[in-house]
Amino acid sequence: MTSEPYPTTRPGTLPATPATPASRERWADVAKGACIVLVVLWHVIVKHYLRIEWHLGIPLPGAWGMLGEQLLPLRMPLFFAISGLFAANALDRPWRQVGRSRIVRFLYLYAGWLAIHTALLAAAPDFPTDRANSVGDLVAELTVTPSNLWYLYALALYFAVAKAARRIPAPVLLAVSAGLSAAAAAGLIATPGNRGGVYQNLVFFLGGLHLRPYLSRWVATATRRRLLLGAAGYLAALVGMTWAGAATWPGVWLLVSVAAVAFGLTAAARVARWRRVGGPLAALGRRTLPVYVMHLPLLALADRVLLGPLSGLGRSGQLAVALGYPVLLTAALLAVTLALHRGLLALRAGWLFELPAARPVGRRRGRHRAGEDAAMPPALPAARSPARPGTPAGSPAVPGARPGRSG
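Read on for an overview of the structure. (Residues numbered from 1 in each chain as written. Predicted model: local features only at pLDDT ≥ 70, side-chain atom pairs only at ≥ 80, totals over all residues. Heavy atoms only, no water.)

Moving on: helix α14 (residues 288–312). Residues that lie three or four places apart on an α-helix share one face, since the helix turns once every 3.6 residues. With 25 residues, α14 should reach 36 Å at 1.5 Å per residue; the first-to-last C-alpha distance of 34 Å fits that figure. When the local axis directions of α14 are compared, the greatest deviation, roughly 45 degrees, occurs at L306, which is followed within four positions by the proline P309. (Helix = DSSP H or I, 4+ residues; strand = E, 2+ residues; numbered from the N terminus. Expected span 1.5 Å × (residues − 1). Bend = angle between axes of the 7 residues up to and from the residue.)

Have a look at this one:
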């Protein structure tokens, strides 16, 4: 089955360039949609699928686990690179606006859903995930050692760091954050809980922010040849890292993640052109928040209900479900979280997904709909880049996480 590309022209009009706001929004939403699918799939594999007592006689579960691990350098780094890419306009605003719309908003969502997760996951004590088992644990997760919701915690922190460091030269910021990422991946600094993920991904947020003209041009000029070369480069980097046992060598994990992000940006730009794949992924990418915050409690429920029956199946029964089970359960979790989101909004529980307005909503322009990712505005404005002679300036040019744990 082939997919139809998005039409780029209408009769009598000039062809649309890949750098138009609509195309930018679509590719970014496609990337975010793909990333949230991979996040849910990883959690399905590592927190449920691999816990089933398989009697297959073939290493199929191990193959699923290996696949999930190979995508670790892609999922969260790409998510944060996209968030940084679209953060420039927000960071140009005064501290008061940035503080409320970005920092306070994400901390509000993090703290609220942390309380919900703590309450719900207490009913599933055997489910293998980070949780607060005491008041001290909860305070730590709220402050210095974030929970599985650490993406929201990290976004609030990254916006604060980026705003405070606006006057520091970009090369200095990128060098320092790259050193922090490499040290965390190598285990040179303490990374309890999901703190390692916070350390490792700051460089990708700042890279998206400060390298925006180059990344925008990279996306706008994505070709099939570059997609194939990017996939080959990412695969070669993974194979080399695994063969040499170099995942904890300083800088290696960072370089592999950079290769993964380059491939991911190219793939998102190409997939966005194909309606049957790009359309659903873009629609999902505009609703990543409810999926992110609700899928783990639902997965814990599925684990409690299904772990015993699936472990008790005979070999033939397990063979019938083992190959596609992670994909089916991932799809089910996506569908249920989105349905719950719609239901909660219908019940006027949008405050679960959005910081309540400080004034009547009708007076606030550009407000997000509950559940949308505020790290990315509807469209990316033209990035400023150095003008060439004879041309105008401003031409346009995406849950201790050491390797194997992040995302």
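Below, the discussion takes up the nonpolar core. Counting residues in hydrophobic clusters, the biggest one holds 107 residues, and the most contacted among them are W27, F80, L152, F159, F205 and V293. No other element matches the 13 residues that helix α1 (residues 21–47) contributes to this core. (Core = buried A, V, L, I, M, F, W, Y, C linked by side-chain atoms within 4.5 Å. Buried < 20%, exposed > 50% of the residue type's maximum accessible area, 1.4 Å probe, protein only.)

Spanning 27 residues, helix α5 (residues 95–121) covers 36 Å between terminal C-alpha atoms, matching the ideal 39 Å at 1.5 Å per step. Along its length, α5 shows its largest kink, about 35 degrees, at V104.

Under the counting rule described, the total for this entry stands at 15 aromatic pairs. Ring centres of F79 and Y151 lie 5.1 Å apart, and the angle between their planes is 40 degrees; this geometry places the pair in the tilted category. Of this pair, F79 sits in helix α3 (residues 72–85) while Y151 sits in helix α7 (residues 150–164), and the two are 72 residues apart along the sequence. Across this residue pair, the class does not change: F79 and Y151 are buried. Within the aromatic cluster, the residues linked to one another by ring pairs are F79, F80, F106, W150, Y151, Y158, F159, F205 and Y292. Above the ring of F106, the side-chain terminus of R105 is found at 5.4 Å from the ring centroid. Residue placement shows R226 over the ring face of W218; its charged tip is 4.1 Å from the ring centre. (Phe/Tyr/Trp six-rings, centres within 6.5 Å; stacked < 30°, edge-to-face > 60°. Lys NZ or Arg CZ within 6 Å of the ring centre and 35° of its normal.)

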